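Geometric and topological summary
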Amino acid sequence: MSSKIVTIERHIFEKQKRFPQATGELTALLYDLALAGKMIAAETRRAGLNSSIQGAAGTTNIYGEDQQKLDVYADSMIFKLNDHTNRLCAMASEEHEDILQIPAHYGKGNYVLLFDPLDGSSNIDVNVSVGTIFAIHRKITKGETGTLADVLQPGKRLVAAGYMIYGSSTMMIYTTGDGVHGFTLDPSVGEFLLSHDDIRIPEPPKFYSCNQGYEKQWTYGVRRYTKWLQGIDGEGHAPYSARYIGSMIADFHRNLLQGGVYYYPHEMSKPQGKIRLLMEAQALAFIAQNAGGYGSDGIGNILDVQPHKLHQRTPLFIGNRSLVERAEHFIRQHDQAWVDEYRAYREQAAVEA
Ligand code: P6P
């Protein structure tokens, strides 16, 4: 007899029993996201065969990056599945310059949904795993409609976070702060079934993930850190294996399950880094921390950073705590000028809504 079959709904329901005040709203919201994941997975599977969904959309997002047709599809799918459920007061997508209001004719709820609809989408046409990243905050302002202040919250206030990864199988990973749990889509029944309960990042780590093509542009401390990871500079420990897929969600997922560090550091010409604080880094750092790991901007815990604008970028070092703290050590030791400059950037006052 197979072990008990646990769907996302059953898993959250069983966990929620410990929180009598839980209303089931969050369960339903996570279920809506699971449905969006199934829809996006189906299209991603077909991308290779379906030119109407493959390739560039001919538009660019607010960063000037070419949008892929699947980016646009995933973005609109997540919005449409969540704009009428009375669970959200606002949304924010990596693909839109401003926060997304709930249409006037729909009821508003107590949560805010932040998402990157399709991370790594430039890899779709070469059949590399991509993913959807989401983070959920509770509304903190008065009134019905969500505002920028409800979105610009530090990651330590997150209520839940997770991601879907569209790879050799489709998985949904989530945490509500009570462990990190993984579900694998069984396409024969169209359900996500519990496959990885209470994930903990294993020690010792195995991998390091970074784009060493940019090494020349990194600060000295980050270059020394990278040499340390390779066993070239330091106490002569065995080198970690290099694995860089070019799709953060795929690198993060492998490191979550097998141990390792992913970093997309600041560069001389980009002191703020590339990764988006609100739609990517907060969610992954909340997940990493709930799996025994850690997410840092090179100075300290990313979950402590008070965002000051919607599309704020951040350097990101994430994975095994031991490896991320080692990065902070090298940066503290060698990159004081950058530390001072970046600290001033990240501690700016929040932009007016
Ligand atoms: P590069 C995708 O755009 C992304 O944000 C991550 O998924 C990925 O790790 C990184 O950028 C790849 O960027 O500059 O190494 O090609």
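Small disclaimer: the values here were computed from a predicted structure and weren't measured.

Going through the model one piece at a time under the given rule, you end up with ten salt bridges. The shortest N-O distance in the salt bridge between Arg346 and Asp297 comes to 2.4 Å. Placement of Arg346 in helix H9 (residues 336-346) and of Asp297 in the loop between strand E15 (294-296) and strand E16 (313-314) is noted, with a sequence separation of 49 residues between them. Residue Arg346 is classed as buried on the basis of its relative accessible area, which comes to 13%. With relative accessibility at 0%, the residue Asp297 sits in the buried group. A salt bridge links Arg321 to Glu325; the nearest nitrogen and oxygen atoms lie 2.9 Å apart. With Arg321 and Glu325 both in helix H8 (residues 321-334) and four residues apart, this pair spans about one turn of that helix.

Packing of helix H5 (residues 220-229) against H8 leaves a shortest axis separation of 8 Å and a crossing angle of 140°. Of the possible angle classes, the one that applies to H5 and H8 is oblique. Crossing angle aside, the handedness with which H5 passes H8 is right-handed. Contacts between H5 and H8 involve Tyr220, Gly221, Val222, Arg224, Tyr225, Trp228 and Leu229 from the first element and Leu323, Val324, Arg326, Ala327, Phe330, Ile331 and His334 from the second. Here the contact of H5 with H8 is built from residues that sort into ten nonpolar, two polar and two charged.

Let us now look at the site of the ligand. As a structural note, the neighbourhood of the ligand is formed by Asp119, Gly120, Asn211, Tyr214, Tyr244, Gly246, Ser247, Met248, Tyr262, Tyr264 and Lys274. Taking Asp119, its side chain carries an N or O atom lying 2.9 Å from an oxygen atom of the ligand. Measuring from an oxygen atom of the ligand, one finds a side-chain N or O atom of Tyr262 at 2.7 Å. For the ligand, whose free accessible area comes to 400 Å², the fraction covered by protein is 82%. Cavity membership is defined here by more than half of the atoms lying within 2 Å of grid points; on that basis the ligand lies in the largest pocket.

A few words on the sheet that holds strand E10 (residues 191-196). The strand order across the open sheet formed by eight strands is E4-E3-E5-E6-E7-E8-E9-E10, and the pairing between neighbours is mixed. The outermost strands of the open sheet, each flanked by one partner alone, are strand E4 (100-101) and E10. Taken together, the five bridges between strand E8 (residues 170-175) and strand E9 (residues 180-186) define a ladder with antiparallel strand orientation. Within the sheet, the bridge partner assigned to Thr175 lies in E9 and is Val180. Contacts from helix H1 (residues 8-16) reach E8, E9 and E10 within the one sheet, and its direction differs from that of E9 by about 155°.

This part takes up the layout of surface pockets. As a volume, the largest pocket reaches approximately 480 Å³. Here the lining of the largest pocket takes three residues from strand E5 (residues 111-119), the largest share from any one element. Residues belonging to the lining of the largest pocket are distributed by class as follows: seven nonpolar, nine polar and eleven charged. Both domains that meet at the lining of the largest pocket, namely domain 1 (8-196) and domain 2 (207-352), each give it at least three residues.

Our focus in this paragraph is the packing of aromatic side chains. To describe a pair of aromatic rings, one takes the distance between the centres and the angle between the planes. In this structure the tally under the stated criterion is 13 aromatic pairs. Aromatic pair Tyr174 and Phe183: ring centres 5.9 Å apart, planes at 25°, arrangement stacked. For the pair formed by Tyr174 and Phe183, the shared burial category is buried. On the basis of an interplanar angle of 20° and a centroid distance of 6.3 Å, the ring pair of Tyr244 and Tyr262 is categorised as stacked. Of this pair, Tyr244 sits in the loop between strand E12 (241-242) and helix H6 (248-258) while Tyr262 sits in strand E13 (residues 260-264), placing them 18 residues apart in sequence. A relative accessible area of 3% places Tyr262 in the buried class. Members of the aromatic cluster, joined through ring pairs, are Trp218, Tyr225, Trp228, Tyr240, Tyr263, Phe317 and Phe330. Positioned above the aromatic ring of Phe207 is the side chain of Arg254, whose terminal nitrogen or guanidinium carbon lies 5.0 Å from the ring centre. One Lys or Arg, Arg321, reaches over the ring of Tyr294 and ends 4.3 Å from the middle of that ring.

By the criterion of burial, E9 is predominantly enclosed, with five of the seven residues buried. Taking the residues between adjacent antiparallel strands as the criterion, E8 and E9 are bridged by four residues, where Gly177 takes a positive phi near 95°. Of the strand pairs in this sheet, E9 and E10 are connected by five bridges, and their pairing is antiparallel. In the strand pairing of E10, Asp186 is matched with Glu191. Counted between consecutive antiparallel strands, the loop separating E9 from E10 contains four residues, among which Gly190 sits at a positive phi close to 70°.

What counts, and at which threshold
- Residues numbered from 1 in each chain as written.
- Predicted model: local features only at pLDDT ≥ 70, side-chain atom pairs only at ≥ 80, totals over all residues.
- Heavy atoms only, no water.
- Salt bridge = Lys/Arg side-chain N within 4 Å of Asp/Glu carboxyl O.
- Helix = DSSP H or I, 4+ residues; strand = E, 2+ residues; numbered from the N terminus.
- Buried < 20%, exposed > 50% of the residue type's maximum accessible area, 1.4 Å probe, protein only.
- Axes fitted to C-alpha atoms, helices over the stretch in contact; angles between N-to-C directions.
- Parallel < 35°, antiparallel > 145°, perpendicular 65-115°, else oblique.
- Left-handed = near helix turned anticlockwise from the far one by under 90°.
- Contact = heavy atoms within 4.5 Å.
- Nonpolar A, V, L, I, M, F, W, Y, C, P; charged D, E, K, R; others polar.
- Near = heavy atom within 4 Å.
- Polar contact = N/O pair within 3.5 Å; in protein donor to acceptor, adjacent residues only side chain to side chain.
- Areas by Shrake-Rupley, 256 points an atom, 1.4 Å probe, with all protein chains shown as cover.
- 1 Å grid on protein atoms, 1.4 Å probe; cavity = no way out; pocket = protein on both sides within 12 Å on 5 of 7 lines; lining within 4 Å.
- Sits in = over half its atoms within 2 Å of the grid points.
- Pairing = 2+ DSSP bridges.
- Points joined across faces, edges and corners; volume = space filled by probe spheres on them.
- Domains from an automatic or database assignment.
- Phe/Tyr/Trp six-rings, centres within 6.5 Å; stacked < 30°, edge-to-face > 60°.
- Lys NZ or Arg CZ within 6 Å of the ring centre and 35° of its normal.

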